[in-house]
Amino acid sequence: MTVTLEVAEGVGTLRLDRPPMNALDIATQDRLKELAEEATHRDDVRAVVIYGGERVFAAGADIKEMQNMDHPAMVRRSRGLQDAFTAVARIPKPVVAAVTGYALGGGCELALCADYRIAADNAKLGQPEILLGLIPGAGGTQRLPRLIGPSKAKDLIFTGRQVKADEALAIGLVDRVVPAAEVYEQAHAWAARLAQGPALALRAAKESVDTGLEADIDTGLAVERNWFAGLFATEDRERGMRSFVEEGPGKAKFV
């Protein structure tokens with residue numbers, strides 16, 4: 001399998017495994033979508049790590065495969081490409097990308113689908129599609145400017161240049177840079193901590209933020225208001241408030 005889902009202690013690891021560079025061909029895209037949807041629905045998956053292995057995250061789409069596709073073929077395929085990445089972005093649980101080596105093109109776009117990105121100090125990220133006479137097609141023109149702002153996103157998309165980990169951190173493309181040997185360990189630790197949290201409240205927080213970024217503020221506030229009030233019907237809310245009153249903050253055990 002080119003993508004696997006392994007679950008331990010509430011954390012599901014979506015592992016890309018298509019040596020040598022984890023090129024995202026159609027079969028890999030479809031498998032990614034399938035497993036992202038599985039992670040969405042599995043109760044034993046409380047948080048997710050996206051990982052490409054110790055050497056490379058994903059070096060982009062399979063160019064040899066795409067070279068043989070004409071316009072009608074890509075019209076038919078482009079929705080499937082985007083749907084695979086959207087399935088990852090819409091996992092209603094905390095998702096962290098553990099980025100090692102190259103995360104280029106579709107690899108960078110996959111990292112953008114996570115809620116948080118931890119990169120190796122040797123990582124390189126970018127959207128080089130312009131160098132092929134193309135533009136990003138798996139969400140890069142939409143998710144990248146929402147993350148780092150339009151001018152910085154245009155710089156990366158227009159030039160196709162790669163950014164090293166330190167610059168990626170400076171512009172907000174990644175959230176933490178660590179030694180390469182520690183990337184997965186730290187990403188798993190981030191996910192494992194959140195896997196112990198209140199699952200429905202985390203889902204509410206993610207949906208409120210993501211919806212608000214794509215809507216006007218009144219719509220965003222309405223989503224927040226509805227989720228906030230709705231959480232008062234949950235056992236986790238009762239546990240959290242009771243623990244706060246009786247024991248102090250940060251000691252609640254959620255179900």
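Colleague: Account for the environment of threonine 141, with residues named and values stated.
Modeller: If you trace the backbone, threonine 141 turns up in helix 5 (residues 140-148). C-alpha separation for the pair threonine 141 and lysine 154, spaced 13 residues apart in sequence, amounts to 8.4 Å. Every residue in contact with threonine 141, bar those within four places of it in the chain, is listed here: Ile135, Pro136 and Ile157. At a separation of 3.1 Å, a polar atom in the side chain of threonine 141 contacts the side chain of glutamine 142.

Colleague: Describe helix 5, and please don't skip the residues or the numbers.
Modeller: Within helix 5 the residues assigned to the buried category are Gly140, Leu144 and Ile148. Axial view of helix 5: buried residues confined to an arc of 20°, hence all on one face. Taken together, the buried residues of helix 5 touch helix 4 (106-112), helix 6 (150-159) and helix 7 (165-171). Glycine 149 sits one or two positions beyond helix 5 and adopts a positive phi of about 95°.

Colleague: Run through the environment of proline 179, naming residues and quoting values.
Modeller: Mapped onto the fold, proline 179 is located in the loop between strand 9 (176-178) and helix 8 (183-195). Taking the relative accessible area as the measure of exposure, proline 179 reaches 39% and is therefore partly exposed. The spacing of proline 179 and glutamine 82 is 97 residues in sequence and 31 Å in space, taken between C-alpha atoms.

Colleague: So, the sheet that holds strand 2 (residues 11-16): which residues are in play, and what are the values?
Modeller: A sheet is described by the order of its strands in space; here six strands give the open sequence 1-2-3-4-6-9, paired in mixed fashion. Two strands bound the open sheet, and with one partner strand each, they are strand 1 (3-8) and strand 9. If you compare each strand with its neighbour and ignore which way they point, the axes differ by 20° on average. With three bridges joining them, strand 6 (residues 116-120) and strand 9 adopt parallel strand pairing. By the bridge assignment, alanine 120 is partnered in strand 9 with valine 178.

Quick notes on the rules
Residues numbered from 1 in each chain as written. Predicted model: local features only at pLDDT ≥ 70, side-chain atom pairs only at ≥ 80, totals over all residues. Heavy atoms only, no water. Helix = DSSP H or I, 4+ residues; strand = E, 2+ residues; numbered from the N terminus. Contact = heavy atoms within 4.5 Å. Polar contact = N/O pair within 3.5 Å; in protein donor to acceptor, adjacent residues only side chain to side chain. Buried < 20%, exposed > 50% of the residue type's maximum accessible area, 1.4 Å probe, protein only. Arc of directions from axis to C-beta. Pairing = 2+ DSSP bridges. Axes fitted to C-alpha atoms, helices over the stretch in contact; angles between N-to-C directions.

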